[in-house]
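Here is what each chain is made of, one letter per residue.
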Amino acid sequence: MCGIVGYCGPKNATGILLDGLKRLEYRGYDSAGIAVQNAGRVDVAKRTGKIQDLRSVVPPSFAGNCGIGHTRWATHGGVTDANAHPHSDASGKIAVVHNGIIENYVQLKARLSSEGFVFASETDSEVLAHLIAYHYDGDLEKAVRATLAQVKGTYGIAAMHADEVGRIVGARNGSPLVVGVGDGEMLLASDVTAMIAHTKQVVYMEDGEIVTMTRDGFSITDLKDRKLDKKVDSVTWDLDEIEKEGFACFMEKEIFEQPETIARTLSGRLDPEYATGKLGGLNMTSRELLGVRRIKIVAAGTSWHAGLVGAYLIESLARIPASAELSSELRYRNSVVEQDTLYFAVTQSGETADTLYAMRELKRKGARVLGICNVVGSTIARESDGGVYTHAGPEIAVASTKAFTSQLAVFYSFALLMARMRDMSVSAGARYVKGLQAVPELVRGVLKQRDLIQTIAKKYSRARDFLFLGRGLEYPVALEGALKLKEISYIHAEGYSAGEIKHGPIALINEETPSIFLVPDDSLREKVISNMKEIKARRGPIIAFCCEGDDEVAAIADDTVTLPKTDELFYPFLMVVPLQLFAYFCALELGRDVDQPRNLAKSVTVE
Ligand code: F6R
């Protein structure tokens, strides 16, 4: 979604802002702009399209040392140059960029219009520029503070005034903002990736905080102007983690990173000596964990699919009732919170609004909510009662891949921990640990099938609809496979439990609608084979993902991809990776923008 970057220091701000915006491209956007202070003015350039389009309209005269930039993902008002940020006041001295939604903008706009303020865009954000102008008496921070007192909604903002040379004021409420502390320079961004080329020292802002920065330093205050002491954190990853490193796009790179990322997530989380899981960040004693009677998982999209696998595992291994619910549903449902229920909020970005607000609602009701997050220092990571970082490294492609398998790895470690505290024996635990530790190598083997998967993707990429079918642990994986294909290739795809097709979806089957079957060598294999035969009898093409040597499945399917055998619990890792590749190659074949699919954003910070 929208992104913010700001710079003040000795260098030319323009290049730094444009490079920062380029780094934010992965979040999804439809227009972009920058504002740079320049000899008593603020120069603004903005337009629809990509950052290279913006670059082409920024004249060399944009040469100031302090500026702000923005990538916009349209919410209020169409995709037009005028609606792009930064927004300015009538004098042109103020420039503001804004992420989030100003809920009372209609009222504010009406009031300002009646006082003679003229609006140039259809956005909610523009009211901020005029309100700041309304309150401005020579002190930008004061004017921003007065403005925010009138505003309802969510925001991450950065503002500048031409008369306050080298100063940026930022504020956060419900939309992330990070301060970067450089050597003689300061940065501000909605996401660390925009500033990592310049500094790894960062300060995560909280809701209700205002920052004022110049090249010499920064001060953070609350809305009542009380000074706050903030901790400076160090970012633990490097610039090369957000480079493509020879891959055609980030999604391909991230798919191929999975042997390492799964191993990294598991590292230190398994205790082979006692055959159990080790998750210190949960902030819960063994006794507290033993007292848990129910587990509920809230998440959205791909993270929800990981939650479905997690719930299945926890329930079957630890014998604790567990379920996963969409956060967008839970947040508006008056759900019952029971004393001995433990909640997990699962999220790659740690900023998804639905999941964040669901978590806050649960916490208001007294629930203990643990986070499973990838982005260190993200809002959900900070507001949860404890949790686990997935350590998959920055995920840049909009379609989530490595974050999913790392979320699975966390659930596999947690289910082991809970199971060993209950029914699972030491020897069963030891077998499980061994099996789990072998997963990264097995995934490496699966990735070697890339050419075969590409050939199959080429053959089927012109199909209009697909069904993805699996049962048990493979059912959520089928949902995930269908989501991946939809997101990046724009082919319609539905994931179903294979046992459910006879209850309706089978009506869709004909010679032109391929079904993708996930058929591991597990206790449901025979049942899934029956479901395959039902499709074959109706002449539906079948692509099967099954185990090496499964001739029975290969004989029914039109195309087969074989996977190594493992314990039946671990197949979700092996099944999802070829589905990611299948979606990727279909999208490539169709000439789609794989990393930045249309209409999608990386972290969905609005409802
Ligand atoms: C799918 C995808 C989305 C996200 C969803 C939740 O590829 O990326 O479905 O999984 O928006 O995002 P997080 O995990 O950041 O909460």
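Visitor: Could you clarify how one ought to interpret the environment of Lys 231 in this entry?
Guide: One can find Lys 231 in the loop between β14 (227-228) and β15 (233-234). A residue is classified by how much of its surface remains accessible, and Lys 231, at 59% relative accessible area, is exposed. Expressed as a C-alpha distance, the spacing of Lys 231 and Val 203, which sit 28 residues apart in the sequence, is 6.3 Å. Discounting chain neighbours no more than four positions away, the residues touching Lys 231 are Val 202 and Val 203. Engagement of the side chain of Lys 231 in a polar contact is seen with the side chain of Asp 233, the distance being 2.9 Å.

Visitor: I tried to follow the site of the ligand on my own but got confused; where do I start?
Guide: As a matter of local geometry, the ligand sits amid 15 residues, with Ser 303, Thr 347, Gln 348, Ser 349 and Thr 352 nearest to it. In the environment of the ligand, an oxygen atom lies 2.6 Å from a nitrogen or oxygen atom belonging to the side chain of Ser 349. Within the contact set of the ligand, an oxygen atom lies 2.5 Å away from a side-chain nitrogen or oxygen of Thr 352. About the coverage of the ligand: the protein hides 90% of its 400 Å² of free accessible area. A breakdown of the residues in the shell around the ligand according to their chemical character gives 5 nonpolar, 8 polar and 2 charged. Mapped onto the domain boundaries, the shell around the ligand takes at least three residues apiece from domain 2 (245-437) and domain 3 (446-595).

Visitor: Mind showing me how you'd approach helix α15 (residues 450-460) here?
Guide: The α-helix advances 3.6 residues per turn, and as a result positions three or four apart in sequence lie on the same side. When α15 is considered as a whole, its buried residues turn out to be Ile 453, Ile 456, Ala 457 and Tyr 460. The buried side chains of α15 occupy one side of the element, clustering within an arc of 105° when seen end-on. Exposed residues lying more than 90 degrees from the buried face of α15 are Asp 451, Thr 455 and Lys 459. Lining the buried residues of α15 we find β23 (465-470), β26 (542-547), β27 (559-563) and α19 (571-589).

Visitor: Mind showing me how you'd approach the packing of helix α7 (residues 258-266) against helix α13 (residues 402-420) here?
Guide: For any two helices packed against each other, the geometry comes down to the angle between their axes and how far apart the axes lie. α13 packs onto α7 with a crossing angle of 30° between their chain directions and a minimal axis gap of 9 Å. One finds that α7 runs roughly parallel with respect to α13. By crossing handedness, the relation of α7 to α13 is classed as right-handed. On the side of α7, the interface is formed by Gln 258, Thr 261, Ile 262, Thr 265 and Leu 266, while α13 contributes Lys 402, Thr 405, Ser 406, Ala 409, Val 410 and Ser 413. Residue composition of the contact of α7 with α13, by class: 4 nonpolar, 6 polar and 1 charged.

Visitor: Before we go on, may I ask you to explain the state of the cysteines in this structure?
Guide: Any covalent bond linking the sulfur atoms of two cysteines counts as a disulfide. In the structure shown here, the tally under the stated rule is 0 disulfides. Cysteine Cys 66 is unpaired, with the sulfur of Cys 8 as its nearest cysteine sulfur at 4.8 Å. With no disulfide partner, Cys 547 has as its closest neighbouring cysteine sulfur the one in Cys 546, 6.8 Å distant.

Visitor: Sorry, what's going on with the pattern of salt bridges here?
Guide: Should their charged atoms come close, side chains of opposite charge can pair. This model, assessed by the stated rule, comprises 44 salt bridges. With a shortest N-O distance of 3.0 Å, Arg 27 and Asp 191 are connected by a salt bridge. Placement of the pair is Arg 27 in the loop between α1 (13-24) and β2 (31-38) and Asp 191 in the loop between β10 (186-189) and β11 (201-204), with a sequence separation of 164 residues. Residue classification places Arg 27 among the buried positions, given a relative accessible area of 5%. Judged by its relative accessible area of 11%, Asp 191 is buried. Its salt-bridge partner being Lys 363, residue Asp 385 comes within 3.2 Å of it at the nearest N-O pair. Highlighted residues: Asp 385 in the loop between α12 (379-383) and β22 (387-389) and Lys 363 in helix α11 (residues 353-364), separated in sequence by 22 residues. Connected via shared salt-bridge partners are Arg 172, Asp 207, Arg 360 and Glu 383.

Visitor: Is there a simple way to think about the sheet that holds strand β8 (residues 168-173) in this case?
Guide: Each strand in a sheet pairs with another by means of backbone hydrogen bonds, the pair being arranged parallel or else antiparallel. As summarised here, the arrangement of the 7 strands in space is β5-β6-β7-β8-β12-β13-β14, forming an open sheet in which the pairing is antiparallel. Only two strands of the sheet have a single neighbouring strand rather than two, namely β5 (87-88) and β14. Pairing of strand β6 (residues 94-99) with strand β7 (residues 155-161) involves 6 bridges; the strand directions are antiparallel. Looking across to β7, one finds that Val 97 is bridged to Ala 158.

Visitor: Teacher, can you tell me more about the side chain of Arg 525 here?
Guide: Locating Arg 525 in the fold gives a position in helix α17 (residues 525-536). The residues touching Arg 525, leaving out its near neighbours within four places in the chain, are Val 519, Pro 520, Asp 550, Glu 552 and Val 553.

Visitor: Looking at this model, I keep getting lost on the domain arrangement of the chain. Mind explaining?
Guide: Many structure descriptions define interface size as the accessible area lost when the parts assemble. Looking at the assigned domains, one finds that the chain contains domain 1 (3-235), domain 2 (245-437) and domain 3 (446-595). Taking only C-alpha atoms, the centre of domain 1 and the centre of domain 2 are 34 Å apart. Counting residues at the interface gives 9 residues for domain 1, matched by 10 residues for domain 2. Both sides together, the interface formed by domain 1 and domain 2 hides about 790 Å², and carbon and sulfur atoms give 49% of it. On the surface where domain 1 and domain 2 come into contact, there are 2 salt bridges. A salt bridge links Asp 207 to Arg 360, with the shortest nitrogen-to-oxygen separation between them at 3.2 Å. Counting every contact that joins domain 1 to domain 2 gives 4 residue pairs in polar contact (both at pLDDT 80 or more). For the side of domain 1 that touches domain 2, the residue count by class is 4 nonpolar, 2 polar and 3 charged.

Visitor: What exactly am I supposed to notice about α13 here?
Guide: Along its 19 residues, α13 runs 27 Å from first to last C-alpha, staying within 8% of the 27 Å computed at 1.5 Å per residue. Summarising burial for α13: 18 of the 19 residues are buried, a large majority.

Visitor: Sorry if this is basic, but what is going on with the packing of aromatic side chains here?
Guide: How two aromatic rings sit relative to each other is set out by the distance from centre to centre and by the angle between their planes. Here the structure, examined in full by the defined rule, presents 11 aromatic pairs. Taking the centre distance of 5.9 Å and the plane angle of 25° together, the rings of Phe 247 and Phe 256 count as stacked. For Phe 247, a relative accessible area of 30% puts it in the partly exposed group. Using a relative accessible area of 19% as the deciding quantity, one classes Phe 256 as buried. Seen in terms of ring centroids, Phe 466 and Phe 582 are 5.6 Å apart; in terms of plane orientation they differ by 75°. Their pairing is edge-to-face. Placement of Phe 466 in strand β23 and of Phe 582 in helix α19 is noted, with a sequence separation of 116 residues between them. With relative accessibility at 1%, the residue Phe 466 sits in the buried group. A relative accessible area of 1% means that Phe 582 is categorised as buried.

Quick notes on the rules
- Numbering of residues starts from 1 in each chain and follows the order in which that chain's sequence is written.
- Local features in this predicted model are restricted to residues of pLDDT 70 or higher, and side-chain atom pairs are both shown and tallied only at a pLDDT of 80 or more, whereas totals for entire chains, interfaces and linings draw on every residue.
- The basis for every side-chain value is the complete set of non-hydrogen atoms in the structure, without hydrogens or water.
- In this text, helices come from DSSP runs of H or I with a minimum length of four residues, and strands from runs of E with a minimum of two, each type numbered from the N-terminal end.
- Exposure classes here rest on a 1.4 Å probe applied to the protein chains alone. A residue is buried below 20% of its type maximum, exposed above 50%, and partly exposed in between.
- Contact criterion: two residues are considered in contact whenever any of their non-hydrogen atoms come within 4.5 Å of each other.
- As used in this structure description, the phrase polar contact means that two N or O atoms lie within 3.5 Å; if the pair is within protein, one of them must be able to donate a hydrogen and the other to accept it, and residues adjacent in sequence are counted only when both atoms belong to side chains.
- Here a residue is near a molecule or strand as soon as one of its heavy atoms is found within 4 Å of it.
- Each accessible area is a Shrake-Rupley result for a 1.4 Å probe, and residues are judged covered by the shown protein chains and nothing else.
- Ten residues, namely Ala, Val, Leu, Ile, Met, Phe, Trp, Tyr, Cys and Pro, are considered nonpolar, four, namely Asp, Glu, Lys and Arg, are considered charged, and the remaining ones, Gly among them, are considered polar.
- Either an automatic procedure or a domain database provided the assignment from which the domain bounds are taken.
- Directions pointing from the helix axis toward each C-beta atom define the arc.
- Every axis in this analysis is a line fitted to C-alpha atoms, fitted for helices over the stretch in contact. Angles between the N-to-C directions lie between 0 and 180 degrees.
- Any angle that is under 35 degrees is reported as roughly parallel, and any over 145 degrees as roughly antiparallel; angles of 65 to 115 degrees are reported as roughly perpendicular and all others as oblique.
- Should the near helix be turned anticlockwise from the far one by less than a right angle, the crossing is termed left-handed; should it be turned clockwise, right-handed.
- Disulfides are defined as pairs of cysteine sulfur atoms found within 2.5 Å of each other.
- Should a side-chain nitrogen of Lys or Arg be within 4 Å of a carboxyl oxygen of Asp or Glu, the pair is scored as a salt bridge.
- Here, a strand pair is defined by DSSP locating no fewer than two bridges between the strands.
- Note on definitions: buried area is the accessible-area loss of two parts on being combined, 1.4 Å probe, summed for both.
- Helices are assigned an expected span. That span is 1.5 Å times one less than the residue count.
- In this scheme Phe, Tyr and Trp rings, the latter by its six-membered ring, pair at centre separations within 6.5 Å, and the angle between planes marks the pair as stacked below 30 degrees, edge-to-face above 60, and tilted otherwise.

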